[in-house]
Amino acid sequence: MRPHQLRIEAFGPYAEPVEIGFDELSQEGLFLIHGSTGSGKTFLLDALCFALYGEVSGDRSVKALKSDHAEPAAVPRVSLEFSSGGGRYRVERSPAYTAPKTRGEGTTEKAPQAVLFRLLGAGWEPIASRSTEVSREVQALVGLDAAQFRQVILLPQGKFAEVLRARAEEREALLKTLFDTVIYEQVGSWLEDRAKAARIEVAEQNRALEVLRSQAAHEWSPYAAHPPEPVDPPNPVNPLEPPSDQQGLDRLVEQIAAVVTASQSNLHQASAALLSAQKARDAIEKQADRWDRRARALTRLADLEGKQEAVADFRQRLSRAERAEALRPCVEAEQAARTALGSLEAGTRAELQSAIRARDAAQALPLSLVLLDLMAAPSLEELSAARHDLAVRGAQLSALAAQSLEAGQARARAAAATKRAQAAEQQLSSSSAARETRRQARQSAGAALVAACSARDQLGGLQRAAQDAQDQALAVAAIAPALQQEQAAMAAHTKAEARLQQAQVALNERQRRQIAGMAARLAGGLEPDAPCPVCGSAQHPAPAQPSQDAVSDGAITAAQAELSAATAAAQQAAVALAKVQGERKAVLEKAGPAASDPQAAITAALQANEALAAAQALARTVPSLEQEISAHERELEALQTTIQAASTELALQAKAAADDSQRAETLAAAIGRELGQGVDPQQALNSFEPLEATLKALAARCQASASAATRLELAAARLAIDLAGSEFSDGRAVEAALKEESVRQHWAQRIKAFETEVIELKGALASAELADLPRERPDSAAAAEAVHATDGARTAAVERHSEARGAQLEIQRLSSEHRSGSSELASRQERAQLLSAVADRCSGRAAPYISLQRWVLSAYLGDICRYANQRLELMTSGRYQLRLSDEGGRGGRQAGLGLKVLDAYTGEEREVSSLSGGETFQASLALALGVADTVEAHSGGVQLEALFIDEGFGSLDPDNLQLAMDELDRLREGGRMVGLISHVGALKERIRYGIEVLSSDQGSRVQVGTNPLA
């Protein structure tokens, strides 16, 4: 990274803009930053670091970087142009600061801003525009983070010796920030994690094996207290403790096998006993079943004999029901005829009530319907006549309803025509008003068009007037600068004339003095015994002596050169004066009379421009006004057409409304004469429909009732004939004896089933199967109890054998898993031991008792010392070298990171704290430069082309200062730009270029250039 240009504004002590070009300062590679204490020299390094990373190099806070000397509304800014990796970049930053509000009172907090640009061609292209993104991009470009940048490029005041004299742990922290050794620390942690995980795996495997042994002991525990007979294996397992190894598990396998064999023998014995008990139970249960069947048959036969009387009653009732069944048709026919007649008579009474209600609701009925008696059922002839008269009246009402409908339609047409006439009248009124409004708008647009055309015709004259007024105002404004230029040219001309006169007088004076001292010059060339060039004498008794104001030829030449320069300057001043005087005359001529009143000229120019702008605005409206007038005219024509159409429509609709109203009134009068006022023929016709339907239904009911009465008489006569030759006195006796077919069938089936069951029971009791049985029932419960007992014994034997077999399989499985787990445990123990050994070695817990990361950092520190010693030997004339030491001792956390100094005068290594102040500065400077060289060597091509060193040279004597400066000269010979911040006067004399920081009560400022003492 190489800086090119730094710009600062309202930042730190710098209130006014400051610009520093490092390209000019780095021409000789070495420059000096000097100034009084507290003037802000170190703040330049802060600005450089802040521009790149948004951080400052010292202990200052980034929240207080705005200059206290700047205006409250000023924006603190830092801009740095730098090159890195073959590209040129510019980073601009503004820190967070407090600014006054733009509206109202109070302040507001401004957030930090940052932008990174890259130079592409002739322009800058933005790369990043957020603070974090800019810092990340800069770190990638420079190759160093902010901490590394401050350690290897900005060597801050008082920090050199801290690095040299730091304790090993502080030096380790520094080296970690400079070199990326996190991977080695991560490797150590990774190995430690792997070793720990391996040890945990071994412990878990041991626990798993112990669990397997415990599970095997748990499976064996139910059989340990009562082992089978005989059980005498060698080395039996203690039932109270789990096996301790694989051999113990193998002994458990043998013992559980003996238990399984014994349980299987017991199972065979229990199965044989159960089979014998089951056979005895089956024989007893078979005899008990025969005894139970005989007992049930005797009991059932006794029950059936007690039901003989009831069965006889059922036989008698069944016989009477079958005889009554022959009379069922005539009885049911007489009942059906009687029921039908009653239902029809009830329906007739309901129809009469409906007919009365329908007649009361009807309108305009004929007289026959009004006089018809409906309190009793009328005759069919009366009903037929009434229905005929109603039909005739309905035909009359239909004709009248058609006339009423026609009248309603006429009234609707009249209303519609009236609405259309009103709409036409409204259209006529609105169109007339719109025509008047449009006519007024047309007149206004015509007047505006006349004004716009007039303005358009005046544009040329107004433009010329505005241009003349503008030229005159510019000429008036140029008078004062022209007069000032004339005065300045006259002063310069006077000064040049004075210089010319002074040069002429000086040349004359020097020529006079040279002529006056010519004798002394000739005397200076006399030699003993040599002739005098003036008098020719070889004797020179009193040669002329040179005076104190003698003038040499060089002085004459210089005076002549000054005279020539003054003459040329006077000629140039005269030409410049003549030029500005001509310009002043031209301006006065152009200003004319307005030269005496500049404000009037400005006002006239403004007025002319305003008049021109107004005319131009009016002129631009001409096309739109012409279009507007054409639109008005078209709209007026359309409105006139609409008005004529509305007038015609109004007349036509008024005539149609009058005609339809007259027709409706004529039809309504005719209907009123026929039906009376207020009667609607259609409503009257509609009221006939319920009455007509009711009369029709009533006629049907009357006719059906007559038929039903005839059928009842016939059915009663038939029933009387059939009852005459039967045992039944009347129809009610027949109905009492009648039973349904399902009932009769049920009675017949029960009687038959009774007789059949009696026969079957008697036959069964007489069979040989139920003969020869004991008086008492055989005891089947005792036989079943014996089977139950033997079955329980067998079930227990099965369960014990199954449990023993399950325990045997489980113990065998656990033994097998334990055997394979033991083999796996051995390999895991070997791996854990290996990982632990490597982790202990890399973490420093084993010889050589230094961690992997510290070993790598020690190697980096060795490189730093090698680079540092190359410079320290030169700065100390070969006396001192930095050496690594095993500080911390065996197993120390910082072993290998100690520093000592080798003194070539004594041949002994001693502590760096024993160095003097000047020696400490030399060693620390060499160490800092060694750090920079090592970082550059290990940073993958990072080029550190700049170095800034803050103070420390005041502790060196002149000789050591010379050696340190020689080393810095060698740095710049390698192409590196080196900037020093120092108060040492010898540095000001030695370093040619520099930056001087000047402080005042208004803030600091800088001067860049050649040091006055160099």
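The sections below set out a description of the structure shown in this document.

### Notes on the side chain of Ser83
Reasoning step 1: Position of Ser83 among the secondary structure elements: in strand E4 (residues 77-84).
Reasoning step 2: At 2.8 Å, the side chain of Ser83 and the side chain of His4 are in polar contact.
Reasoning step 3: In this structure, Ser83 is in contact with Met1, Arg2, His4 and Arg88, ignoring residues within four places of it in sequence.

### Section: the pattern of salt bridges
Two side chains of opposite charge can pair, provided their charged atoms sit close to one another.
Reasoning step 1: Under the counting rule described, the total for this entry stands at 21 salt bridges.
Reasoning step 2: In this structure, Arg499 and Glu562 form a salt bridge, with 2.9 Å as the shortest nitrogen-oxygen distance. Remark: Glu562 occurs in helix H15 (residues 553-591) and Arg499 occurs in helix H13 (residues 459-516); sequence separation between them is 63 residues.
Reasoning step 3: Given the relative accessible area of 34%, Arg499 is considered partly exposed.
Reasoning step 4: The partly exposed category is assigned to Glu562, whose relative accessible area is 34%.
Reasoning step 5: Measuring nitrogen to oxygen at the nearest pair gives 3.3 Å for the salt bridge that ties Asp903 to Arg910.
Reasoning step 6: Overall, Asp903 belongs to the buried group, its relative accessible area being 2%.

### What to know about the sheet that holds E4
Reasoning step 1: Taken in spatial order, the six strands make up an open sheet running E2-E1-E4-E5-E8-E9, and their pairing is antiparallel. Looking along the sheet, the strands with just one partner apiece sit at the ends: strand E2 (18-21) and strand E9 (123-128). The sheet shows a mean angle of 20° between the axes of neighbouring strands, direction not considered.
Reasoning step 2: One ladder, built from seven bridges, connects E4 with strand E5 (residues 87-94); its direction is antiparallel. Across the sheet, Phe82 pairs through a bridge with Tyr89, a residue of E5.
Reasoning step 3: The strands touched by helix H3 (residues 131-142) are E4, E5, strand E8 (113-120) and E9; relative to E8, the strand with the most contacts, the crossing angle is about 45°.

### Topic: the packing of helix H7 (residues 182-224) against helix H8 (residues 246-305)
Reasoning step 1: Running from amino to carboxyl end, H7 crosses H8 at an angle of 30°, the nearest separation of the two axes being 11 Å. In terms of their interaxial angle, H7 and H8 are classed as roughly parallel. Read as a crossing pair, H7 and H8 show a hand that is left-handed. Contacts from Arg213, Ala216, Ala217, Trp220 and Tyr223 of H7 reach H8 at Leu249, Leu252, Gln255, Ile256 and Val259.
Reasoning step 2: In the contact of H7 with H8, the residues fall into eight nonpolar, one polar and one charged.

### Examining H7
Reasoning step 1: The end-to-end C-alpha separation of H7 is 61 Å, in line with the 63 Å expected for 43 residues at 1.5 Å each.
Reasoning step 2: Along H7, the largest kink reaches about 25° and is centred on His218; proline Pro222 follows within four residues of it.

### Side note on unusual backbone geometry
Backbone phi values are negative for most residues with the exception of glycine, while trans is the configuration of most peptide bonds.
Reasoning step 1: The backbone of Ala10 shows a phi angle near 55°, a positive value even though the residue is not glycine.
Reasoning step 2: For Ala10, the position within the fold is in the loop between strand E1 (2-9) and E2.
Reasoning step 3: Here the phi dihedral of Ser877 falls at roughly 60°; this positive angle occurs in a residue that is not glycine.
Reasoning step 4: Note on placement: Ser877 falls in the loop between helix H22 (852-875) and strand E11 (880-885).
Reasoning step 5: Classification of Ser877 by relative accessible area gives exposed; the value is 56%.

### With respect to the sheet that holds strand E13 (residues 908-911)
Two strands in a sheet stick together by hydrogen bonds in their backbones, pointing the same way (parallel) or opposite ways (antiparallel).
Reasoning step 1: On the basis of which strands lie adjacent, the open sheet formed by three strands has the order E11-E12-E13 and antiparallel pairing. This sheet does not close on itself; its edge strands, each paired only once, are E11 and E13. The average undirected angle you get between the axes of adjacent strands in this sheet is 40°.
Reasoning step 2: Of the pairings in the sheet, the one linking E11 to strand E12 (residues 898-903) comprises six bridges and is antiparallel in character. Bridged to Arg883 within E12 is Lys900.
Reasoning step 3: In this fold H22 packs onto E11 and E12, with an angle of close to 170° to the strand it touches most, E11.

### Remarks on the pairing of strand E15 (residues 977-981)
The side chains of a regular strand alternate, first on one face of the sheet and then on the other.
Reasoning step 1: In terms of burial, E15 is a largely internal element, five of the five residues being buried.
Reasoning step 2: What you see with E15 is no split at all: Met977, Gly979 and Ile981 on one side and Val978 and Leu980 on the other are buried throughout.
Reasoning step 3: In the sheet, strand E3 (residues 30-35) pairs with E15 via four bridges, with the strands oriented parallel. Across the sheet, residue Leu30 finds its bridge partner in E15, namely Val978.
Reasoning step 4: As paired strands, strand E14 (residues 946-950) and E15 are joined by five bridges and run parallel to one another. In the sheet register, Leu947 faces E15, and the bridge partner there is Val978.

Rules and cut-offs
- Residues numbered from 1 in each chain as written.
- Predicted model: local features only at pLDDT ≥ 70, side-chain atom pairs only at ≥ 80, totals over all residues.
- Heavy atoms only, no water.
- Helix = DSSP H or I, 4+ residues; strand = E, 2+ residues; numbered from the N terminus.
- Polar contact = N/O pair within 3.5 Å; in protein donor to acceptor, adjacent residues only side chain to side chain.
- Contact = heavy atoms within 4.5 Å.
- Salt bridge = Lys/Arg side-chain N within 4 Å of Asp/Glu carboxyl O.
- Buried < 20%, exposed > 50% of the residue type's maximum accessible area, 1.4 Å probe, protein only.
- Pairing = 2+ DSSP bridges.
- Axes fitted to C-alpha atoms, helices over the stretch in contact; angles between N-to-C directions.
- Parallel < 35°, antiparallel > 145°, perpendicular 65-115°, else oblique.
- Left-handed = near helix turned anticlockwise from the far one by under 90°.
- Nonpolar A, V, L, I, M, F, W, Y, C, P; charged D, E, K, R; others polar.
- Expected span 1.5 Å × (residues − 1).
- Bend = angle between axes of the 7 residues up to and from the residue.

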